[in-house]
Structure formats: C-alpha cells, structure tokens
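Single-letter residue listing:
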Amino acid sequence: MKPAGVVRKVDQLGRIVLPKSLRKRYQMNEGDPVEILVQGDHIILERYRPKCIFCGSMEDVNDFKERYICAQCLEEMTQLS
Ligand SMILES: [Zn+2]
C-alpha cells in the first residue's frame, strides 16, 4: 500500500471527496458501489464486486433472487438433485 499523495478532510457527515484523478484511474463513476474494507489501522475502498454466497469467489458470479452464486457452486448444486 502506498500513499496517493492526497489529503482530504472528512466533513460533518463523514464524507470524503475522492479526487477526480483517482476516480478516473480506478474507473469509479457516480453511483458505482464501493466496498469499505478494514485491515488493521487502515480503511480500504474497493469497487464492489459481488461474491458467491457459498465460496466467496468473484469469478463468473450471477445473481439469483438478490443473492450471488458462482457458476461452479451452481454446477455442484445441480448435481445434488
Ligand atoms: Zn461459489
């Protein structure tokens, strides 16, 4: 992890503005979901990518009734029946 060379103040509501240059570099657009992760003393922002509810994979994930499942887990489930 390295500093982005930017210091911003948190406002009254806890908001921080991400500089346009960072949003552009990391392809974060208005309305995109962002996941907040913590690691020790660090707060990390990541573009949100849905994960399989069973194995946590982010590969080939589809939503089903507002839950996410990967193709491999779906295949394993179909073999159960
Ligand atoms: Zn899975």
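Quantities reported herein were computed from a predicted structural model and do not represent experimental measurements.

*Asks:* Even after reading the chapter, I still don't get the overall build of the protein chain, so can you show me in this structure?
*Replies:* Counting its regular elements, the protein chain contains two helices and four strands. Beginning at the N terminus, the succession of helices and strands in the protein chain can be written as α-β-β-β-β-α. The C-alpha radius of gyration computed for the protein chain amounts to 17 Å, which surpasses the reference 12 Å derived for 81 residues by more than 25%, pointing to a less compact arrangement than a globule. Structurally, the protein chain occupies a C-alpha span of about 55 × 30 × 25 Å along its principal axes. Each of the 81 residues in the protein chain was classed as buried or not, and the buried ones make up 10%. The long-range fraction of contacts in the protein chain, counting pairs at least 24 apart against all pairs at least 6 apart in sequence, stands at 6%. Accessible area for the protein chain stands at about 7,700 Å²; split by element, carbon and sulfur atoms hold 52% of it. The distance from the centre of the 13 positive side-chain charges to the centre of the 12 negative ones in the protein chain is 12 Å.

*Asks:* I tried to follow the layout of surface pockets on my own but got confused; where do I start?
*Replies:* The gaps left among the atoms become clear once a water-sized probe is rolled over them. Here the largest pocket defines a volume of roughly 1,000 Å³. Lining the largest pocket are 23 residues, with A4, L18, L22, I43 and L45 positioned closest to its centre. Mapped by element, the contributors of at least two residues to the lining of the largest pocket are α1 (20–25) and β2 (42–47). Of the residues forming the lining of the largest pocket, the biggest block, six residues, is contributed by β2.

*Asks:* Is there a simple way to explain the domain arrangement of the protein chain in this structure?
*Replies:* A common measure of how large an interface is: the accessible area buried when the components associate. On domain assignment, one finds that the protein chain holds domain 1 (1–46) and domain 2 (48–80). Put simply, the middle of domain 1 and the middle of domain 2, counted by C-alpha atoms, are 28 Å apart.

About the criteria used
Residues numbered from 1 in each chain as written. Predicted model: local features only at pLDDT ≥ 70, side-chain atom pairs only at ≥ 80, totals over all residues. Heavy atoms only, no water. Helix = DSSP H or I, 4+ residues; strand = E, 2+ residues; numbered from the N terminus. Rg over C-alpha atoms; globule rule 2.2 N^0.38 Å. Buried < 20%, exposed > 50% of the residue type's maximum accessible area, 1.4 Å probe, protein only. Contact = heavy atoms within 4.5 Å. Areas by Shrake-Rupley, 256 points an atom, 1.4 Å probe, with all protein chains shown as cover. Lys, Arg positive; Asp, Glu negative; His and termini not counted. Charge placed at Lys NZ, Arg CZ, Asp CG, Glu CD. 1 Å grid on protein atoms, 1.4 Å probe; cavity = no way out; pocket = protein on both sides within 12 Å on 5 of 7 lines; lining within 4 Å. Points joined across faces, edges and corners; volume = space filled by probe spheres on them. Domains from an automatic or database assignment.

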